[in-house]
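Residue-level listing of the chains:
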Amino acid sequence: PSILGSNSAKPRVTAIVPAFNSGEFIGRTLDSLAAQTWGDLEILVGDDASTDDTLQVVREFAAEHSNVRIVAQEFNLGWVGNSNDLMKRAAGDLFFFAFHDDLVMPEYVARLVEAREKNPKAVLAFSDMMLVEGEEQRHQRVFTALEGVHGRLSRGIVLAKRPENWWVSIHGLFSASAAHSIGG
């Protein structure tokens, strides 16, 4: 389906969930993904040969949610290898990483798709984040270093310098075609 234009079909979005030994927390992450208001969401979980109950937790969740696909890696690929493998397998027009210990608000996907559709040339849309440490420590994280920066090289240089909170942007919604063109 096309992403652009008001008469086009709504894009399919894939939540890419690379997981390793995350049985203790991944259920809450999956619940937050299941609560998304975006209608066409694939949840793609890659268990990276976990030695805990991660795969069991994910399988139990998938049994109740038809939009979940599981990739049980035969051996540990590491975070980058698992993530790249999942991007190759994802069916969505747009992807986002849903890390095993991250929770997203129910409107997360819908808002990012809307923001991206406002700029058809954009390959990425992301939001500010609230980092929660323990029961009471909350820290707002904002990444504004790419505002007003145009061109791949210029944006790449900004990210290569790794300004504070650079990692906020990797939690965003990005174009599948862009990911495939650069190879993950």
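Remember, it's a predicted structure, so these values are computed and weren't measured experimentally.

**Q** Describe in detail the pattern of salt bridges, supporting the description with residues and values.
**A** For the coordinates displayed, the defined rule picks out four salt bridges. Its salt-bridge partner being R12, residue D40 comes within 3.0 Å of it at the nearest N-O pair. Placement of the pair is D40 in the loop between α1 (26-34) and β2 (41-47) and R12 in the segment before β1 (13-19), with a sequence separation of 28 residues. By relative accessible area, R12 is classed as partly exposed at 27%.

**Q** Just give me the short version of the packing of α1 against helix α2 (residues 54-62), but keep the residues and values in it.
**A** In a pair of packed helices, the angle between the axes and the distance between the axes together describe the arrangement. Viewed as axis vectors pointing N to C, α1 and α2 meet at an angle of 25°, and their least axial separation amounts to 10 Å. Comparing the axis directions of α1 and α2 gives the class roughly parallel. In this structure, the crossing between α1 and α2 has a hand that is right-handed. Of α2, the residues touching α1 (which contributes I26, G27, L30, D31 and A34) are T54, V57, V58 and F61. In the contact of α1 with α2, the residues fall into six nonpolar, two polar and one charged.

**Q** Kindly report on α2, identifying the contributing residues and their values.
**A** T54, L55, V58, F61 and A62 are the residues of α2 that are buried. For α2, the angular spread of buried residues about the axis comes to 125°, placing them on one side. Turning to α2, the residues buried within the fold contact β1, α1, β2 and β3 (68-72).

**Q** Describe the pairing of strand β4 (residues 94-97), listing the residues and the values that go with them.
**A** Side-chain positions along a regular strand alternate between the two faces of the sheet. Covered by surrounding structure in β4 are L94 and F96 together with F95 and F97, the residues of both alternating faces. Strand direction decides the pairing type here: β1 and β4, joined by four bridges, are parallel. The residue bridging V13 from the neighbouring strand is L94, located in β4. Judged from the three bridges that link them, β4 and strand β8 (residues 173-175) form a sheet pairing that is antiparallel. Paired with F96 across the two strands is L173, which belongs to β8.

**Q** Give a detailed account of the confidence of the model for the protein chain, specifying residues and quantitative values.
**A** Considering every residue of the protein chain, the mean pLDDT works out to 82; 76% of them sit at 70 or more. Counted against residues more than four places away or in other chains, residues 1-7, with its pLDDT under 50, gives 12 contacts.

**Q** Can you lay out the side chain of N82 for me, pointing to particular residues and giving the numbers?
**A** Mapping N82 onto the fold places it in helix α3 (residues 78-89). Of note is the side chain of N82, whose polar atom sits 2.9 Å from the backbone oxygen of G46. Among the polar contacts listed, one links the side chain of N82 to the side chain of Q73, at a separation of 3.0 Å. Apart from the residues lying within four places of it in its own chain, the contact partners of N82 are P18, A19, G46, D48, Q73 and L77.

**Q** Explain the sheet that holds β2 to me, and be specific about the residues and the numbers.
**A** The sheet built from six strands is open, its strands ordered β3-β2-β1-β4-β8-β5 with mixed pairing. Of all strands in the sheet, those bounded by a partner on one side alone are β3 and β5 (124-125). As judged from the two bridges shared by β5 and β8, these two strands associate in the antiparallel manner. Residue A125 lies in a different strand from β8, and its bridge partner there is L173. Taken strand by strand, α1 contacts β1, β2 and β4, and its axis lies near 165° from that of β2.

Reading guide: rules and limits
- Residues numbered from 1 in each chain as written.
- Predicted model: local features only at pLDDT ≥ 70, side-chain atom pairs only at ≥ 80, totals over all residues.
- Heavy atoms only, no water.
- Salt bridge = Lys/Arg side-chain N within 4 Å of Asp/Glu carboxyl O.
- Helix = DSSP H or I, 4+ residues; strand = E, 2+ residues; numbered from the N terminus.
- Buried < 20%, exposed > 50% of the residue type's maximum accessible area, 1.4 Å probe, protein only.
- Axes fitted to C-alpha atoms, helices over the stretch in contact; angles between N-to-C directions.
- Parallel < 35°, antiparallel > 145°, perpendicular 65-115°, else oblique.
- Left-handed = near helix turned anticlockwise from the far one by under 90°.
- Contact = heavy atoms within 4.5 Å.
- Nonpolar A, V, L, I, M, F, W, Y, C, P; charged D, E, K, R; others polar.
- Arc of directions from axis to C-beta.
- Pairing = 2+ DSSP bridges.
- pLDDT = per-residue confidence, 0-100.
- Polar contact = N/O pair within 3.5 Å; in protein donor to acceptor, adjacent residues only side chain to side chain.

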